[in-house]
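Chains, contacts and geometry: an overview
Here are the chains, one letter per residue:
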Amino acid sequence: MQSSDPRKTALQVLNAVDAGRQTLDDILSRTIGDGALFSKKDMALLYALVYGVLRWRSRLDWMIAECSRIRMERIEPAVLNAIRIGLFQMSFLDRVPNPAAVHTTVEMTKRIAPPWVVRFVNAVLRTAAGKHGGIAFPDTEKDPETALAVTKSFPTWLIRRWLARFGIEETARLCDSINAVPPISIRTNTLLCTRPQLLESLSREVESAVPSRFSPEGIRFFHPSVPISKMQAFIKGWFQVQDEAAQLVCYLLNPKPGETVLDACAGLGGKTGHIGQMMQNRGRIVALDVSEEKLTRLRAEMDRIRIVNVSTMVHNLHDSFGKKFFRAFDRVLLDAPCSGLGVLRRNPDSKWRATSESIRGNRAKQIKFLETLALTVKSDGILVYAVCSMEPEENEEVVKIFLYRHPSFAIVNPVSWLSEKIGTAVDASGCLRTFPHRHEMDGFFSVCLRRMR
């Protein structure tokens, strides 16, 4: 049920995230609808609470444990989320006075808990307010793993693996980059306008729109004055919302006008649209996904941005195509399902969903999908594998196993056809790797494979 109270709605969203049945984006869409119940100020507060609590949950929980006489595991999840909302306001939102944060949280708790719980919530928040920043956190020098997990707010298992790969200083910078509010990143639809034209149009509706660092079609901005869907440039189809790292993947694919291209796991069509504009609406694109609902939205998106050479197909890549698409495509893109650990700055709920076990499970699925798609690639054709993950199990380990099983494919270093700026994100092995703290974009891995025979 929708509510016009941003704090109450934030609590509903956080409780739904804990239920684990939907992504944060889906929950927000279902809970908020078109946002008509909220003022611009309340909508900003709602998003700040939801994303702030999810980003800083471990740190908030440490603070709660320091101020509570009841062990964390004994606190009801909905009550715990209410305390997190109150404590987040006290710790991170300067414009919300501590008494107001305590009062609104207590009033919200009255709707979901008995009086003694309400008194408990009040006591925890007042104790936290009384400490005035005096809560002690783990010492980085004595226990860097626990200290970073708490102060930067990440699962301990994830900090452990990043420390082993990057060391303390770089892990801290990675965490800080992920916890920072990211800009809105878009890609110019060059079929309809130029990047300078789009920048000019955006200048009237956003704050500080600037060209992206690597992508020649990308733009970054903060604080739009109107919802993106209401921007004139969006209505005209002049751009798609897409992180810069995702934009770079299609440059590896390098589709040409007149070719046949398969976009597997096409989702809502971000990369499909990019492929279409790179092909100048000439040739054939098959956008494939397991979800008919997503493909319905993809078709509407292609209409909006005037891409006309796309057909859609519902298919589960666990199943073979038979003879239908045998060596039918010049280029195939697999944007594979993954842990999403490279896009945590935009999807902080994934911090608390992913596990080391799920990463290994993803690897098996990714290899299976690559093997299914390998049969669809023409001789001398291209197969691009991409994931929004920085983890080796989903990156080079997948590619290594696939190439061992399929010696007819080989990695092609794409630097020869990439711009100089994009080429700097490609490592010595020919793989595109981006990191939030190094490249100011999402964490992606992508590799270009060619069928040699």
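Above this text is the structure in question.
Now for a quick tour of the structure.

Each value, and the rule that gives it
Residues numbered from 1 in each chain as written. Predicted model: local features only at pLDDT ≥ 70, side-chain atom pairs only at ≥ 80, totals over all residues. Heavy atoms only, no water. 1 Å grid on protein atoms, 1.4 Å probe; cavity = no way out; pocket = protein on both sides within 12 Å on 5 of 7 lines; lining within 4 Å. Points joined across faces, edges and corners; volume = space filled by probe spheres on them. Helix = DSSP H or I, 4+ residues; strand = E, 2+ residues; numbered from the N terminus. Nonpolar A, V, L, I, M, F, W, Y, C, P; charged D, E, K, R; others polar. Buried < 20%, exposed > 50% of the residue type's maximum accessible area, 1.4 Å probe, protein only. Contact = heavy atoms within 4.5 Å. Pairing = 2+ DSSP bridges. Axes fitted to C-alpha atoms, helices over the stretch in contact; angles between N-to-C directions. Expected span 1.5 Å × (residues − 1). Arc of directions from axis to C-beta. Parallel < 35°, antiparallel > 145°, perpendicular 65-115°, else oblique. Right-handed = clockwise from strand over helix to strand, strands pointing away. Salt bridge = Lys/Arg side-chain N within 4 Å of Asp/Glu carboxyl O. Phe/Tyr/Trp six-rings, centres within 6.5 Å; stacked < 30°, edge-to-face > 60°. Lys NZ or Arg CZ within 6 Å of the ring centre and 35° of its normal.

Structural notes on the layout of surface pockets
Put simply, the second largest pocket is a space of about 210 Å³. Secondary structure elements with two or more residues in the lining of the second largest pocket: helix 5 (77-92) and helix 7 (115-131). Its residues placed into classes, the lining of the second largest pocket shows 7 nonpolar, 5 polar and 1 charged.

Some words on the environment of Ile-285
Following the sequence through the fold, Ile-285 ends up in strand 6 (residues 284-289). When its relative accessible area of 0% is taken as the criterion, Ile-285 is described as buried. Along the primary structure Ile-285 and Val-310 are separated by 25 residues, whereas in three dimensions their C-alpha atoms are 4.7 Å apart. The residues touching Ile-285, leaving out its near neighbours within four places in the chain, are Val-261, Thr-272, Ile-275, Gly-276, Met-279, Asn-309, Val-310 and Ser-311.

Thoughts on the sheet that holds strand 1 (residues 184-188)
Pairing in this open sheet of 4 strands is antiparallel, and the strands run 2-3-1-4 from one edge to the other. The open sheet has two edge strands with one neighbour each: strand 2 (207-211) and strand 4 (239-241). Ignoring strand direction, the axes of neighbouring strands in this sheet form an average angle of 30 degrees.

Focus on helix 7
The terminal C-alpha atoms of helix 7 lie 25 Å apart, and with 17 residues this matches the ideal 24 Å at 1.5 Å per residue to within 8%. Those residues of helix 7 not exposed but buried are Val-117, Val-118, Phe-120, Val-121, Val-124, Leu-125, Ala-128 and Ala-129. Mapping the buried residues of helix 7 onto a view down its axis gives an arc of 170 degrees, with all of them on the same face. With respect to the buried face of helix 7, the exposed residues turned more than 90 degrees away are Pro-115, Trp-116, Arg-119, Arg-126 and Gly-130. Considering only its buried residues, helix 7 is in contact with helix 4 (57-67), helix 5 and helix 6 (98-109). His-132 occupies a position one or two residues after helix 7 and carries a positive phi of about 50 degrees.

Remarks on the environment of Lys-152
Here Lys-152 lies in the loop between helix 8 (144-151) and helix 9 (156-179). You can call Lys-152 buried: its relative accessible area is 19%. Here the alpha-carbon distance between Lys-152 and Arg-173, two residues 21 residues apart in the chain, equals 9.8 Å. Not counting residues within four places of it along the chain, the set of residues in contact with Lys-152 comprises Arg-55, Trp-56, Ala-147, Ala-172, Cys-175, Asp-176, Asn-179 and Lys-351.

Quick word on empty space enclosed by the protein
Counted by the stated rule, this structure contains 1 cavity of 30 Å³ or more. For the largest cavity, the calculated volume is near 40 Å³. Taken together, Phe-321, Gly-322, Phe-325, Phe-326, Thr-372, Leu-375 and Thr-376 form the lining of the largest cavity. Across the lining of the largest cavity, the residue classes break down as 4 nonpolar, 3 polar and no charged.

Some thoughts on the packing of helix 4 against helix 5
Running from N to C, helix 4 and helix 5 point in directions that differ by 100 degrees, and their axes come no closer than 10 Å. Overall, the two elements helix 4 and helix 5 adopt an arrangement that is roughly perpendicular. Here helix 4 contributes Arg-57, Arg-59, Leu-60, Asp-61, Met-63 and Ile-64 to the contact with helix 5, which in turn contributes Leu-80, Ile-83, Arg-84, Leu-87, Phe-88, Ser-91 and Phe-92. Split by residue class, the contact of helix 4 with helix 5 holds 8 nonpolar, 1 polar and 4 charged.

Quick look at the side chain of Asn-395
In this fold, Asn-395 is placed in the loop between strand 9 (377-387) and helix 16 (396-405). Look past the residues within four positions of Asn-395 in its chain and what remains in contact with it is Tyr-385, Val-387, Ser-389, Met-390, Arg-433 and Phe-445.

Brief notes about the packing of helix 5 against helix 6
Orientation of helix 5 relative to helix 6, taken along the N-to-C sense of each, is 170 degrees, at an axis distance of 9 Å. The pairing of helix 5 with helix 6 is recorded here as roughly antiparallel in orientation. Contacts between helix 5 and helix 6 pair Ala-82, Ile-83, Ile-85, Gly-86, Gln-89 and Met-90 from the former with Asn-98, Ala-101, Val-102, Thr-104, Thr-105, Met-108 and Thr-109 from the latter. A per-class count over the contact of helix 5 with helix 6 returns 7 nonpolar, 6 polar and no charged.

Points about the pairing of strand 6
Within strand 6, 5 of the 6 residues are buried, leaving the element largely enclosed by the surrounding structure. Summarising the sheet, strand 5 (residues 260-264) and strand 6 pair through 4 bridges and their orientation is parallel. Residue pairing in the sheet places Leu-262 in a bridge with Val-286 of strand 6. Taking the sense of rotation as the criterion, the β-α-β connection linking strand 5, helix 13 (residues 270-278) and strand 6 turns out right-handed. Sheet analysis places strand 6 next to strand 7 (residues 310-314), joined by 5 bridges and oriented parallel. The residue of strand 7 that forms the bridge with Asp-289 is Val-314.

Quick word on the pattern of salt bridges
The tally for this structure, following the rule as stated, stands at 29 salt bridges. The salt bridge partner of Asp-380 is Arg-450, with a shortest N-O separation of 3.5 Å. Of this pair, Asp-380 sits in strand 9 while Arg-450 sits in strand 12 (residues 444-451), and the two are 70 residues apart along the sequence. Where salt bridges share partners, they join Arg-161, Arg-165, Glu-391 and Glu-393 into one cluster.

Quick look at the packing of aromatic side chains
All told, the structure shown has 10 aromatic pairs when counted by the stated rule. Taking 5.1 Å as the distance between ring centres and 20 degrees as the angle between the ring planes, the aromatic pair formed by Phe-88 and Phe-92 counts as stacked. You can see Phe-88 and its partner Phe-92 sitting in helix 5, 4 residues apart, about one turn around the helix. Overall, the relative accessible area of 5% leaves Phe-88 in the buried class. Judged by its relative accessible area of 30%, Phe-92 falls in the partly exposed class. Consider the rings of Phe-325 and Phe-329, whose centres lie 5.0 Å apart with planes at 65 degrees: the pair is edge-to-face. Owing to a relative accessible area of 0%, Phe-329 belongs among the buried residues under this scheme. Grouped by ring-pair contacts, the aromatic residues Trp-56, Phe-88 and Phe-92 constitute a single cluster. Note that Lys-236 overlies the ring of Trp-238, its terminal NZ or CZ placed 4.7 Å from the centroid. When the ring centre of Phe-435 is taken as origin, the NZ or CZ atom of Arg-438, which lies over that ring, is 4.3 Å away.

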